[in-house]
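Architecture at a glance
Take a look at the letters that make up each chain.
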Amino acid sequence: VEEGGEGRRKTKKEIMEEIIAKSKMYKAEKRREREERDETLEQLNADFSGIQALLAAQARAPKGGEKPPKRRVDEEKLDEFDKLARDLATDMKAQATQRLKTPEELAQEARDALVDAERKRLKRMQGDFDEDEEEGGGGKRAKG
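What counts and what doesn't
- Residues numbered from 1 in each chain as written.
- Predicted model: local features only at pLDDT ≥ 70, side-chain atom pairs only at ≥ 80, totals over all residues.
- Heavy atoms only, no water.
- Patch = residues over 30% accessible without salt bridge, like charges linked within 9 Å, V, L, I, M, F, W, Y side chains within 5 Å.
- Areas by Shrake-Rupley, 256 points an atom, 1.4 Å probe, with all protein chains shown as cover.
- Salt bridge = Lys/Arg side-chain N within 4 Å of Asp/Glu carboxyl O.
- Lys, Arg positive; Asp, Glu negative; His and termini not counted.
- Charge placed at Lys NZ, Arg CZ, Asp CG, Glu CD.
- Helix = DSSP H or I, 4+ residues; strand = E, 2+ residues; numbered from the N terminus.
- Buried < 20%, exposed > 50% of the residue type's maximum accessible area, 1.4 Å probe, protein only.
- Expected span 1.5 Å × (residues − 1).

1. Topic: a positive patch on the surface
- A contiguous patch of positive charge on the surface is contributed by Lys30, Arg31, Arg34 and Arg37.
- Structurally, the position occupied by Arg31 is in helix H1 (residues 12–60).

2. Some points on a nonpolar patch on the surface
- Residues Met16, Ile19 and Ile20 make up a contiguous nonpolar surface patch of about 280 Å² in total accessible area.
- With respect to the element layout, Ile20 can be found in helix H1.
- In this structure Ile20 comes out as partly exposed when scored by relative accessible area, which is 43%.

3. Here's the deal with a negative patch on the surface
- Taken together, the side chains of Glu35, Asp38, Glu39 and Glu42 make up a negatively charged region of the molecular surface.
- Within the secondary structure layout, Glu42 lies in helix H1.

4. Here we look at the pattern of salt bridges
- Here the structure, examined in full by the defined rule, presents ten salt bridges.
- For Lys101, the salt bridge is made with Glu109, and the minimal N-O distance between the two is 2.3 Å.
- Under the relative-accessibility criterion, Lys101 is labelled partly exposed at 39%.
- Overall, the relative accessible area of 40% leaves Glu109 in the partly exposed class.
- Measuring nitrogen to oxygen at the nearest pair gives 2.6 Å for the salt bridge that ties Glu118 to Arg121. With Glu118 and Arg121 both in helix H3 (residues 103–125) and three residues apart, this pair spans about one turn of that helix.
- Three or more residues joined by partner-sharing salt bridges are found here, namely Glu29, Arg32 and Glu36.

5. Details of H3
- Over its 23 residues, H3 extends 33 Å from the first C-alpha to the last, a length consistent with the 33 Å expected when each residue adds 1.5 Å.
- Taken from the residues just after H3, Gly127 is the one with a positive phi, measuring 85 degrees.

Here's what the structure looks like:
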């Protein structure tokens, strides 16, 4: 435990009081920084609003004998584009499927199934029913 200025050890209470004081000081510092940041941000927003208003007024005022640009055609094109963009965004996406197997792969699977079926048939002929029970075949069934 730390030693105080008097050459004695600090009690737990004194240590906790120091920790609490440091915590309060840290929180006050953070609050002060946040308030300064907020004030700066508000000032910047106010300045930006003034600049934005000037730019908007300048953009609206036509110069000399210039006619304002035709925007009707652009708006129609933009509307068509927006419609198409919305349609594409809402279209169903293709779902992933299993890939199509080649004829060779299909033939190999059929061949493997036949070999497996023949192997099981031979085991049944020999009276070995263990494999069928493991596969969930239920083993021997009672007739009746």
